[in-house]
Structures are given as C-alpha cells and as structure tokens.
Amino acid sequence: MIRIISGTNRDQSNTRKISNEIQNIYLQLNTPCEIVDLKELPGEIFTPLAYSEKPKSFEKFSTAIKTADGLVIVIPEYNGSFPGVFKYFIDMLDFPESLQERPCCFVGVAAGMWGALRSIEQLMDIFVYRNAFIFSKSVFINNVNSVLDSSGHIINNEVLERLKNQATDFIDFVNRFRKK
Ligand SMILES: Cc1cc2nc3c(=O)[nH]c(=O)nc-3n(C[C@H](O)[C@H](O)[C@H](O)COP(=O)(O)O)c2cc1C
C-alpha cells in the first residue's frame, strides 16, 4: 500500500486537493493508495506529554506510516520551508522503523513561483538522516492556484503529466524494494 501524506493541517488546503488528484493517478495505475491527512491529527498529540506517551488516537497514523510500502509526501511551502506541523508529525513517529529504508517521494505545492523547492530540499535532509530510500524525481507545483479549478481538479496538463510520470516511476522504485 502506498500512502500519500498531505503535509499540512490547514483547512481547505491546496495540498489536500493535489493529494486527492495524486491518489486518483495511483488508483488509475492499479496501485492501492491511501491519504494520511495531517488535518485529521488528534488535538491531544499537541501536548508536552505526547513525546513520552503517544495518545491512542495517534496509533492509526503511526501504523499507516510504518506499514506503507512507499510514501508520497505532498508538502506545501510555508515561509520558505515546510509546515511546522509536518516536522512535529515526524517527531511523533516511532523511530527508526517509520522512515528507515522506506521508499519516499516528494511533491511540492506553493502559491508562489518556487514550487516548494526549498521545502523539499530541507525535508530531504531529514529523510536522509533517517535513512529513508529517497526517490529523487520530485515534482514542484508553483502558482498552484492557477493549476486547480474551483472543484479542486488539476487543469494544467503539463503538471498532470509530471505527476503521472512520477507515479509510474515511483511504483517501479517501490516494487524493486518489495522484491528484496
Ligand atoms: C503560513 C503560510 C506561509 C506561507 N508561505 C509561503 C511561502 O513562503 N512561499 C509561497 O510560495 N507560498 C507560501 N504560502 C502559500 C502556500 O504556498 C499556499 O497556501 C499553497 O496553496 C499551499 O499551501 P496550502 O496547502 O496550505 O494551500 C504560505 C501559506 C501559509 C498558510
């Protein structure tokens, strides 16, 4: 199972809309795929005690990551970086097994012109540190508001093509590790 992490908890986020579109691409490629939406994180993980004792309500998120054959991280650009909630999410995961040797690929989403390039580069440092297997073909979506229509569908064919190419190649990448 491939899991897509929608990397912000902002209400009505474009990241979630892009995640939905990516999920459709994987399903069209006959690859089971689910979304892990950080907007659904339980409020009780945001307490100082959560570092030592994870709330039961976090277990399904933790398990979703640990049992994924591959992770597609869809990450928005916030202040030239990735959202703080995403780092906190990583800090809440069990380690090393959550990211260790797990195939991961990245899609950046930004209102501005840089398409979350920095967000992904910064994230990659963390994923390398955690020994994830990084798929290096990222997709950067800039000017995202012009890429989506009012119902949240991608209307830019070039972006759609890049996402389809990434998905096709990432499935191949994930399968190589599955065969080990
Ligand atoms: C706190 C915050 C900081 C942001 N900083 C940037 C930024 O540095 N560069 C940029 O291109 N867009 C920035 N944006 C706009 C987001 O890229 C934009 O909202 C886009 O749709 C992706 O985020 P979303 O998933 O929350 O919608 C910021 C948005 C928020 C909420």
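Residues numbered from 1 in each chain as written. Predicted model: local features only at pLDDT ≥ 70, side-chain atom pairs only at ≥ 80, totals over all residues. Heavy atoms only, no water.

Participant: Tell me about a nonpolar patch on the surface, and please be specific about residues and values.
Facilitator: Taken together, the side chains of M113, W114 and L117 present a nonpolar region at the surface, about 330 Å² in accessible area. Of note, L117 is situated in helix 4 (residues 117-129). (Patch = residues over 30% accessible without salt bridge, like charges linked within 9 Å, V, L, I, M, F, W, Y side chains within 5 Å. Areas by Shrake-Rupley, 256 points an atom, 1.4 Å probe, with all protein chains shown as cover. Salt bridge = Lys/Arg side-chain N within 4 Å of Asp/Glu carboxyl O. Helix = DSSP H or I, 4+ residues; strand = E, 2+ residues; numbered from the N terminus.)

Participant: Which residues make up unusual backbone geometry, and what are the values?
Facilitator: The omega torsion across F95 and P96 is 5°, close enough to zero to call that bond cis. For P96, the position within the fold is in the loop between helix 3 (84-92) and strand 4 (103-109). Residues other than glycine seldom take positive phi values, yet E101 does so here, at roughly 55°. For E101, the position within the fold is in the loop between helix 3 and strand 4. Its relative accessible area of 44% is what places E101 among the partly exposed residues. Notably, A116 is not glycine yet its phi reads approximately 65°, a positive angle. Counting through the fold element by element, A116 comes out in the loop between strand 4 and helix 4. Judged by relative accessible area, A116 falls into the buried class, the value being 0%. (Buried < 20%, exposed > 50% of the residue type's maximum accessible area, 1.4 Å probe, protein only.)

Participant: Can you lay out the site of the ligand for me, pointing to particular residues and giving the numbers?
Facilitator: As a matter of local geometry, the ligand sits amid 15 residues, with R10, N14, T15, Y78 and N79 nearest to it. N79 places a main-chain nitrogen or oxygen 2.8 Å from a nitrogen atom of the ligand. Here the ligand, which alone exposes 600 Å², has 72% of that area covered by the protein. Its residues assigned to classes, the shell around the ligand comprises 6 nonpolar, 7 polar and 2 charged. (Near = heavy atom within 4 Å. Polar contact = N/O pair within 3.5 Å; in protein donor to acceptor, adjacent residues only side chain to side chain. Nonpolar A, V, L, I, M, F, W, Y, C, P; charged D, E, K, R; others polar.)

Participant: Residue-level account of empty space enclosed by the protein, with values.
Facilitator: Across all of its chains, the model carries 1 cavity of 30 Å³ or more by this definition. The space that makes up the largest cavity amounts to roughly 30 Å³. For the largest cavity, the full set of lining residues is I5, L71, I73, F86, F89, I90, L93, L99 and F127. Sorting elements by how many residues they give to the lining of the largest cavity places helix 3 first, with 3 residues. Its residues assigned to classes, the lining of the largest cavity shows 9 nonpolar, no polar and no charged. (1 Å grid on protein atoms, 1.4 Å probe; cavity = no way out; pocket = protein on both sides within 12 Å on 5 of 7 lines; lining within 4 Å. Points joined across faces, edges and corners; volume = space filled by probe spheres on them.)

Participant: Describe in detail the nonpolar core, supporting the description with residues and values.
Facilitator: Formed by 30 residues in total, the largest nonpolar core has its most connected members in I73, F86, F89, L123 and F127. Going through the elements one at a time, helix 2 (59-66), strand 3 (70-76), helix 3, strand 4 and helix 4 are the ones with two or more residues in this core. Not counting residues within four places of it along the chain, the set of residues in contact with I73 comprises I5, F86, C104, C105, F106, V107, L123 and F127. Of all hydrophobic cores here, the second largest spans 28 residues; its members include C33, V109, I141 and L160. (Core = buried A, V, L, I, M, F, W, Y, C linked by side-chain atoms within 4.5 Å. Contact = heavy atoms within 4.5 Å.)

Participant: Go over the side chain of Q166 with me, naming the residues and quoting the values.
Facilitator: By the element assignment, Q166 lies in helix 6 (residues 157-178). Separated by 2.9 Å, the side chain of Q166 and the backbone oxygen of F106 make a polar contact. Not counting the four nearest positions on each side in its chain, Q166 is found in contact with C105, F106, V107, F135, K137, S138 and V139.

Participant: An account of the packing of helix 3 against helix 4 is requested, with residue identities and associated values reported.
Facilitator: Working note: a packed helix pair is described by the angle between its axes plus the distance between those axes. The N-to-C vectors of helix 3 and helix 4 enclose an angle of 5°; their axes lie 12 Å apart at closest approach. By the criterion of interaxial angle, the relationship of helix 3 to helix 4 is roughly parallel. Together, F86, K87 and I90 of helix 3 and L123, I126 and F127 of helix 4 make up the contact between the two elements. When grouped by side-chain class, the residues that make up the contact of helix 3 with helix 4 number 5 nonpolar, no polar and 1 charged. (Axes fitted to C-alpha atoms, helices over the stretch in contact; angles between N-to-C directions. Parallel < 35°, antiparallel > 145°, perpendicular 65-115°, else oblique.)

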